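Understanding the architecture of this molecule
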Amino acid sequence: MAVSRAEQRAATRRALLAEGRHRFAADGYHHVVLAEVARAAGVTKGAAYHHFDSKAGLFRAVVSEVQRELGERVAGSADRHEDPWERLRAGCGAFLSAGTDPAVRRILLVDAPTVLGWDEWRAMDEECSARHLAEVLTELVAAGYIADQPVEPLARLLSGAMNEAALWIARGGDPRAAEQALDRLLAGLRTAP
């Protein structure tokens, strides 16, 4: 059976993303050469440029993929719980534990803010995982678990704290200590048992 051009393009894109992800995680953005990624993926340098325009374009696509997967992991952990408070704790815990994943650590937490810039990195985070945090906080305020207050600044404060904790973990901090500190921080917000 013949493979269509669309299938070939999709396979080439997947191969470049997979190889790019592997190299960005292992070597860091600044040590990756797009031509070497293309060669290892079994495609031409021209194909890499066709799909991603540049190394930065490939990196942006890899970051987007890692962000999306992290958002799904956080949401999946949270969605296993009926109680909104436990959803918050589980989602936050899943986010922190992601800091121990070498690919998440290097690509998302170390290189992405520098390579993409803070604003683009935050926008990607907002799209993939921060909105889940705002949703559960809105539910907790409505249910009286947390004092009535504007959710957006609270979500940004918690997101910032978790990003910093994840970066700390990524640089060798103790994940268990970070989870305990996060639990104490969250407990301070709770008004209802």
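Relevant structure appears above.
Note that the coordinates shown come from a computational prediction; the quantities given were computed from them, not determined experimentally.

Moving on: the side chain of Asp111. For Asp111, the position within the fold is in helix α6 (residues 102-116). Within the local environment of Asp111, its side chain forms a polar contact with the backbone nitrogen of Tyr29, the two atoms lying 2.8 Å apart. Excluding its chain neighbours within four sequence positions, the residues that come into contact with Asp111 are Phe24, Gly28, Tyr29, Phe59 and Arg106.

Because the α-helix completes a turn every 3.6 residues, residues three or four places apart line up on one side. If you check helix α9 (residues 175-189), its first and last C-alpha atoms are 22 Å apart, about what 15 residues at 1.5 Å a residue would give, namely 21 Å. Taken as a whole, α9 has its buried residues at Ala178, Leu182 and Leu186. Across the axial projection of α9, the buried residues extend over an arc of 70°, all falling on one side. Of the exposed residues in α9, those oriented more than 90 degrees away from the buried face are Arg184 and Gly188. The backbone nitrogen of Arg176 lies 3.1 Å from a side-chain oxygen of the residue at the head of α9, namely Asp174.

This paragraph deals with the packing of helix α1 (residues 5-27) against helix α4 (residues 55-79). As a packed pair, α1 and α4 sit with axes 9 Å apart at the nearest point and diverge in direction by 85°. On the basis of the axis angle, α1 is roughly perpendicular to α4. Note on element contacts: α4 touches α1 through Lys55, Leu58, Phe59, Ala61, Val62, Glu65, Val66 and Glu69, opposite Arg13, Leu16, Leu17, Gly20, Arg21 and Phe24. Per-class residue counts for the contact of α1 with α4 are 8 nonpolar, 1 polar and 5 charged.

What follows covers the packing of aromatic side chains. Within the structure shown, the criterion is met by 4 aromatic pairs. Seen in terms of ring centroids, Phe24 and Tyr29 are 5.8 Å apart; in terms of plane orientation they differ by 20°. Their pairing is stacked. In this pair, the class of Phe24 matches that of Tyr29, namely buried. Consider the rings of Phe24 and Phe59, whose centres lie 5.0 Å apart with planes at 80°: the pair is edge-to-face. Of the two residues, Phe24 sits in helix α1 while Phe59 sits in helix α4, which places them 35 residues apart along the sequence. Assigned by exposure class, Phe24 and Phe59 land together as buried. Aromatic ring contacts, followed pair by pair, group Phe24, Tyr29 and Phe59 into a single cluster. Geometry around Tyr29 places Lys55 over its ring, the cationic atom sitting 4.2 Å from the centre.

Applying the stated criterion across every chain yields a total of 16 salt bridges. Where salt bridges share partners, they join Arg122, Asp125, Glu126, Glu152 and Arg156 into one cluster.

Conventions adopted
Residues numbered from 1 in each chain as written. Predicted model: local features only at pLDDT ≥ 70, side-chain atom pairs only at ≥ 80, totals over all residues. Heavy atoms only, no water. Helix = DSSP H or I, 4+ residues; strand = E, 2+ residues; numbered from the N terminus. Polar contact = N/O pair within 3.5 Å; in protein donor to acceptor, adjacent residues only side chain to side chain. Contact = heavy atoms within 4.5 Å. Expected span 1.5 Å × (residues − 1). Buried < 20%, exposed > 50% of the residue type's maximum accessible area, 1.4 Å probe, protein only. Arc of directions from axis to C-beta. Axes fitted to C-alpha atoms, helices over the stretch in contact; angles between N-to-C directions. Parallel < 35°, antiparallel > 145°, perpendicular 65-115°, else oblique. Nonpolar A, V, L, I, M, F, W, Y, C, P; charged D, E, K, R; others polar. Phe/Tyr/Trp six-rings, centres within 6.5 Å; stacked < 30°, edge-to-face > 60°. Lys NZ or Arg CZ within 6 Å of the ring centre and 35° of its normal. Salt bridge = Lys/Arg side-chain N within 4 Å of Asp/Glu carboxyl O.

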